[in-house]
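Understanding the architecture of this molecule
Listed below, chain by chain, are the residues.
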Amino acid sequence: MDSCVIPLRHGGLSLVQTTDFFYPLVEDPYMMGRIACANVLSDLYAMGITECDNMLMLLSVSQSMSDEEREKVTPLMIKGFRDAAEEGGTAVTGGQTVVNPWIIIGGVATVVCQPNEFIMPDSAVVGDVLVLTKPLGTQVAVNAHQWLDNPERWNKIKMVVSREEVELAYQEAMFNMATLNRTAAGLMHTFNAHAATDITGFGILGHSQNLAKQQRNEVSFVIHNLPIIAKMAAVSKASGRFGLLQGTSAETSGGLLICLPREQAARFCSEIKSSKYGEGHQAWIVGIVEKGNRTARIIDKPRVIEVLPRGTTASSLAPENSSASCEPSS
């Protein structure tokens, strides 16, 4: 699943460790560093782990960059990564840097913990509901932003979205990708989560299917609701790419998908939005756990919840406000 869990020979402790890296996908090197770090830590958070003992950074600098570009971009990426690690209560103590055709950034996260500090992703039961803690659509938003300068691509989507809406969606995607899933990980314990994973490269459907396969009980996941950054569902449809409504669009540093007892899910959603955890945390009930053969599916016509970028109003972008989201699906 998301992390390896290795029992140690010392007093009931386990080593939990994960690694991840990828190519840049946003224009801001500092934010790229933050996103990369959030993405690495997310695999620990998916197991309900909130503390990380140590991080290493993996960095490759592109051989096609000039000396000036390298000297400006690299320290900003490193700073972004380190700042996010610090926000997660840990530190970067080493790593490896190489020259490569492409820029790559990522890292390793390691923690030694007691069994009660992590939640194995295998205990979903019939009647649980599925909660998602970040909106979908990051890949669509990032690509649409790149298409602003590509007339051929832009012409395919300009009838369904304005340049301003693309800019807002891109900023929202960048903010969400850089947000740590640490608060959600802590609340998994408070609200008795039975299993979780984070939504990244295989999209919500791929990761749901992977999580369903791990379950000890004969259950299946059914997704009814798709919270999506405003306008990105329309962009996905108009472009003929991504498969966002089919759940196959890749996400980067996405939210946690958590199996929670039905009576706890709405409380989890309202708690995570509380001001005591800072700005920007959200959650939606997106589906249910029913009896089945360890598969996952999205219903034929899922409800799309348009999630408004920060600072916009419902009238300016979408008819449906993102806050109407915490009622369990029938």
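Residues numbered from 1 in each chain as written. Predicted model: local features only at pLDDT ≥ 70, side-chain atom pairs only at ≥ 80, totals over all residues. Heavy atoms only, no water.

1. Here we look at the pairing of strand 1 (residues 4-7)
Strand direction decides the pairing type here: strand 1 and strand 2 (residues 14-22), joined by 4 bridges, are antiparallel. Residue Val5 lies in a different strand from strand 2, and its bridge partner there is Val16. Remark: 6 residues form the turn of the hairpin made by strand 1 and strand 2, two consecutive strands paired antiparallel; Gly11 in that turn has positive phi of roughly 45°. (Pairing = 2+ DSSP bridges. Helix = DSSP H or I, 4+ residues; strand = E, 2+ residues; numbered from the N terminus.)

2. Details of the packing of aromatic side chains
Under the counting rule described, the total for this entry stands at 3 aromatic pairs. For the pair Phe191 and Phe268, a centre-to-centre distance of 6.0 Å together with 75° between the ring planes defines the contact as edge-to-face. On the criterion of sequence distance, the pair formed by Phe191 in the loop between helix 6 (182-190) and strand 7 (195-198) and Phe268 in helix 9 (residues 262-272) is long-range, its members being 77 residues apart. Each member of the pair, Phe191 as well as Phe268, is classed as buried. Looking at Arg163, its charged tip hangs above the ring of Trp154, at a distance of 5.0 Å from the centre. (Phe/Tyr/Trp six-rings, centres within 6.5 Å; stacked < 30°, edge-to-face > 60°. Buried < 20%, exposed > 50% of the residue type's maximum accessible area, 1.4 Å probe, protein only. Lys NZ or Arg CZ within 6 Å of the ring centre and 35° of its normal.)

3. Some thoughts on the environment of Ile119
Locating Ile119 in the fold gives a position in the loop between strand 5 (104-113) and strand 6 (129-132). With a relative accessible area of 12%, Ile119 lands in the buried category. Note: C-alpha distance between Ile119 and His194 (75 residues apart in sequence) is 7.3 Å. Setting aside anything within four residues of it in sequence, one finds Ile119 in contact with Met47, Met188, His189, Ala193 and His194. (Contact = heavy atoms within 4.5 Å.)

4. Brief notes about the packing of helix 3 (residues 138-147) against helix 8 (residues 232-239)
At a minimum axis separation of 10 Å, helix 3 and helix 8 run at an interaxial angle of 65°. In terms of orientation, helix 3 and helix 8 fall into the roughly perpendicular class. For the pair helix 3 and helix 8, the crossing hand works out as left-handed. Here Val140, Ala141, Ala144 and Trp147 of helix 3 lie close against helix 8, whose contacting residues are Met232, Val235, Ser236 and Ser239. Looking at the contact of helix 3 with helix 8 residue by residue, the class counts come to 6 nonpolar, 2 polar and no charged. (Axes fitted to C-alpha atoms, helices over the stretch in contact; angles between N-to-C directions. Parallel < 35°, antiparallel > 145°, perpendicular 65-115°, else oblique. Left-handed = near helix turned anticlockwise from the far one by under 90°. Nonpolar A, V, L, I, M, F, W, Y, C, P; charged D, E, K, R; others polar.)

5. Side note on the UniProt feature "domain: PurM-like N-terminal" (unreviewed entry) in the chain
The sites that carry the UniProt feature "domain: PurM-like N-terminal" (unreviewed entry) are, in the present numbering, residues 2-108. A distance of 12 Å separates the end C-alpha atoms of residues 2-108, which is 36% helix and 34% strand. (UniProt positions renumbered as here; feature names shortened; annotations may be inferred.)

6. Structural notes on helix 9
Of the positions making up helix 9, those classed as buried are Gln264, Ala265, Phe268, Cys269 and Ile272. Down the axis of helix 9, the smallest arc covering the buried residues is 140°, so these residues share one side. For helix 9, the exposed residues set more than 90 degrees away from the buried face come down to Glu263 and Arg267. Looking at the buried side of helix 9, the elements it contacts are strand 6, helix 6, strand 9 (256-260) and strand 10 (284-291). (Arc of directions from axis to C-beta.)

7. Brief notes about the sheet that holds strand 6
Strand order in the open sheet formed by 6 strands is 7-9-6-10-8-11, and the pairing between neighbours is mixed. Lying at the two open borders of the sheet, with one neighbouring strand each, are strand 7 and strand 11 (296-307). Going across the sheet, the axis of each strand differs from the next one's by a mean of 20°, ignoring polarity. Seen against the sheet, helix 7 (residues 203-213) touches strand 6, strand 7, strand 8 (219-229), strand 9 and strand 11 and runs at an angle of roughly 130° to strand 11.

8. A look at unusual backbone geometry
Within the chain, Asn192 stands out as a residue other than glycine whose phi angle is a positive 60°. Tracing the backbone shows Asn192 in the loop between helix 6 and strand 7. The exposure class of Asn192 is partly exposed, given its relative accessible area of 42%. The residue Arg294 is not glycine, and still its phi comes out positive at about 60°. Position of Arg294 among the secondary structure elements: in the loop between strand 10 and strand 11.

9. Regarding the environment of Asn39
As for its position among the elements, Asn39 is in helix 1 (residues 29-45). Sequence separation of Asn39 and Ala91 is 52 residues, and the distance between their C-alpha atoms is 15 Å. Leaving out residues up to four positions away in the same chain, Asn39 has contacts with Asp20, Phe22, Thr200, Thr252 and Ser253.

10. With respect to the state of the cysteines
The tally for this structure, following the rule as stated, stands at 0 disulfides. Free of any disulfide, Cys4 has its nearest neighbouring cysteine sulfur in Cys113, separated by 11 Å. The thiol of Cys113 is not disulfide-bonded; the next cysteine sulfur, from Cys52, is found 10 Å away. (Disulfide = S-S within 2.5 Å.)

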